[in-house]
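So the chains spell out like this:
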Amino acid sequence: MTSDAARPEAPWIRAYFRKFAVRPGMYFEDNRARSVYLWALGYGWAREDLGLRRYGRGEEDLFEEFAGWLGQRTRLVDVEWIHHVEHLDPSKDNARTLFRLFQEFEEERSGR
């Protein structure tokens, strides 16, 4: 993480996801996407408890957009992104699938 990531308004989702993607088991007790989802949910709530915005600058709609992008693949509607990931990969080792899909989503968003 750069020193910029330490600022309260700095984006954090992408930085943490990139870090977690290398070795999810190093940060979570298992390799489940649900563990990552619950961590992200709790981290956002903790930020709010500290008087910070839940998401960093420019990330307010990121998970919602990710869920919409995943929904085009799963045809599931009105569900959180975790349900799409678990639908695509119901295994207990689906964190890597989550990070792969998130990277694909980011690449399509940036036009690469």
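Residues numbered from 1 in each chain as written. Predicted model: local features only at pLDDT ≥ 70, side-chain atom pairs only at ≥ 80, totals over all residues. Heavy atoms only, no water.

K.L.:
What is the right way to look at the environment of Trp69 in this model?
P.N.:
Here Trp69 lies in helix H4 (residues 62-74). Relative accessible area serves as the criterion here: at 9%, Trp69 is assigned to the buried category. C-alpha separation for the pair Trp69 and Leu101, spaced 32 residues apart in sequence, amounts to 9.6 Å. At 2.9 Å, the side chain of Trp69 forms a polar contact with the side chain of Glu108. (Helix = DSSP H or I, 4+ residues; strand = E, 2+ residues; numbered from the N terminus. Buried < 20%, exposed > 50% of the residue type's maximum accessible area, 1.4 Å probe, protein only. Polar contact = N/O pair within 3.5 Å; in protein donor to acceptor, adjacent residues only side chain to side chain.)

K.L.:
Quick question: what am I supposed to make of the pattern of salt bridges here?
P.N.:
Pairs can form between side chains of opposite charge once their charged atoms are near each other. Per the counting criterion, the structure on display carries 10 salt bridges. The salt bridge involving Glu104 is made with Arg100; its shortest N-O contact spans 2.9 Å. With Glu104 and Arg100 both in helix H6 (residues 95-110) and 4 residues apart, the pair spans about one turn of that helix. Take Glu104: its relative accessible area is 23%, and that puts it in the partly exposed class. The class for Arg100 is partly exposed, based on a relative accessible area of 43%. Between Arg109 and Glu106 there is a salt bridge, with its nearest N and O atoms 3.3 Å apart. On the criterion of helical spacing, the pair formed by Arg109 and Glu106 is a turn pair, its members being 3 residues apart in helix H6. The class of Arg109 is partly exposed, set by a relative accessible area of 40%. One salt-bridge network, held together by shared partners, links Arg14, Glu59, Glu65, Glu106 and Arg109. (Salt bridge = Lys/Arg side-chain N within 4 Å of Asp/Glu carboxyl O.)

K.L.:
Hey, could you run me through the side chain of Arg47 in this one?
P.N.:
Note that Arg47 resides in helix H3 (residues 33-49). Glu59 is the oppositely charged side chain nearest to the buried, salt-bridge-free Arg47, at an N-O distance of 6.7 Å. The contacts of Arg47, once residues within four sequence positions are left out, are Pro8, Trp12, Leu52, Arg53, Arg54, Tyr55 and Gly56. (Lys, Arg positive; Asp, Glu negative; His and termini not counted. Contact = heavy atoms within 4.5 Å.)

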